[in-house]
Amino acid sequence: MFHLIFHDSSSKVNSITRASDDYMPRNMLSQTLHVAAVAFNSMWLGEVMVPDWDMFYSLHYAAEFHAAARALGGCGVYISDKPNQHDFELLKKLVLPDGSILRAKYPGRPTRDCLFDDPVMDGKSLLKIWNHNKCTGILGIFNCQGAGTWPCLKVPSTPSSEVTYLTGHVSPDDVEYLEEVAGDDWTGDCAVYSYHDGSLSRLPKNGSLDVTLNVLQCKLFTISPIKNYDESIQFAPIGLIKMYNSGGAIEAMDFVSDRSLCRLSVEGRGSGLFGAYSSVKPKVCTVNSTSEEFMFKDDNHMLTLTIPSGVDYWEICVCFDA
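Rules behind the numbers
Per chain, the residues get numbers from 1 upward, laid out in the order the sequence is written. At least 70 in pLDDT is required for a residue's local features to be given in this predicted model, at least 80 for side-chain atom pairs to be given and counted, and no such filter applies to totals for whole chains, interfaces and linings, which use all residues. The side-chain quantities take in all heavy atoms of the structure and omit both hydrogens and water. Here, strands pair whenever DSSP counts at least two bridges between them. Put simply, DSSP H or I for four residues or longer makes a helix, DSSP E for two residues or longer makes a strand, and each gets a number counted from the N terminus. Interaxial angles span 0 to 180 degrees and are taken between N-to-C directions of axes, which are lines fitted to C-alpha atoms, for helices over the stretch in contact. Working definition: with a 1.4 Å probe on protein chains only, accessible area under 20% of the residue-type maximum means buried, over 50% means exposed, and in between means partly exposed. Here a Phe, Tyr or Trp ring, Trp counted by its six-membered ring, pairs with any other such ring whose centre lies within 6.5 Å, and the pair is stacked when the planes are under 30 degrees apart, edge-to-face when over 60, and tilted otherwise. Any two residues having at least one pair of non-hydrogen atoms within 4.5 Å are treated as being in contact.

A.B. asks: So what exactly am I meant to see when it comes to the sheet that holds strand E15 (residues 284–287) here?
C.D. replies: Strand order in the open sheet formed by five strands is E12-E13-E19-E15-E16, with antiparallel pairing between adjacent strands. What marks the edges here is a single partner per strand, and that holds for strand E12 (250–257) and strand E16 (290–292). Across this sheet, the average inter-strand angle for adjacent strands is 25°, counted without regard to direction.

Right, here's the structure in full:
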């Protein structure tokens, strides 16, 4: 395979290479196969090239399955929709108003516990894919079972007519090298935000959540290390929580404290609903020096505020009493 890549004419002029067969929207058997194939192929292609996970239709029964995979794949995002056949609500979860995407840092790879499973044909395994952003991890779990077979096995197959639910688990420990994202002052716990459920949980690094999925269902989780910023303040940014890769919106964080006030600064891009875990309720929040209303839930310590439409780059300041 490497011989073919290095001798392919396109690989001599750019660093991008296809990680799968073509996306085939009319082939019901290929939808789950495509996502599983690009994830496993990226495990080694990603060491020498930038894997291309191919295009997809935004208006399609498997559109969210493909969109979620592209969101954590660290790849380009592009669609091949027919004219006037678009799902703009789905596309808004992938693409910011300025046309840029929240691209994860590396090629998406299967988690360690998936490496020797067959998430397409063994009838019991779910596929998990991990990646990093600058300040968070991202983890996806996909049910690829019951919809096809690997072409190389030449086993006759038809799409399963039975509802096939499988249960697996997700954990912060699924995200490799999470300590590189966490940096200093990590408590060892993580804020785990489920995009599809809208729920926020605090878990130790080796803690887990159960997930049950039907065929062609998936869930995405932002994994944000909770850090100590003061004796009483523990904080973890989630990002733009209406986007598939919410943590991809966060560019940098900083903390300043004096005798009267503790201030956390979060820099990022894109407008919409911003979320974070905070151990205590802030005193005030600002976006680009303008005070903004915020909501804080005592039960799960979730902080949310709205970044106004039209704001491409922002600095959120979260202020606490010292």
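Now, onward.
A.B. asks: Honestly, the pairing of strand E14 (residues 272–278) in this entry has me stumped. Any pointers?
C.D. replies: Taken residue by residue, a regular strand's side chains alternate between the two faces of the sheet. Most of E14 is tucked away, with five of its seven residues classed as buried. Here strand E11 (residues 234–240) pairs with E14 via five bridges, running antiparallel. Within E14, the position partnered with Ala-236 by the bridge is Tyr-277. Bridging between E14 and strand E18 (residues 302–307) involves six bridges; their strand directions are antiparallel. By the bridge assignment, Gly-275 is partnered in E18 with Thr-304.

A.B. asks: What's the story with the packing of aromatic side chains in this structure? I'm lost.
C.D. replies: The geometry of an aromatic ring pair is captured by two quantities: the separation of the ring centres and the angle between the planes. With the rule as written, the count across this model stands at five aromatic pairs. Ring plane angle 90° and centroid distance 5.3 Å describe the contact between Phe-65 and Phe-142, whose orientation is recorded as edge-to-face. With Phe-65 in helix H3 (residues 63–72) and Phe-142 in strand E5 (residues 137–142), this residue pair connects regions lying 77 residues apart in the sequence. With a centroid separation of 5.0 Å and 65° between ring planes, the pair formed by Tyr-195 and Tyr-244 is classed as edge-to-face. Of this pair, Tyr-195 sits in the loop between strand E7 (186–194) and strand E8 (199–204) while Tyr-244 is found in the loop between E11 and E12, placing the two residues 49 residues apart along the sequence.

A.B. asks: Teacher, can you tell me more about the environment of Cys-75 here?
C.D. replies: By secondary structure assignment, the location of Cys-75 is in the loop between H3 and helix H4 (88–91). Owing to a relative accessible area of 2%, Cys-75 belongs among the buried residues under this scheme. Between the C-alpha atoms of Cys-75 and Tyr-229, which are 154 residues apart in sequence, the distance is 33 Å. Among residues more than four places away in sequence, those in contact with Cys-75 are Pro-51, Trp-53, Arg-70, Ile-101 and Arg-103.

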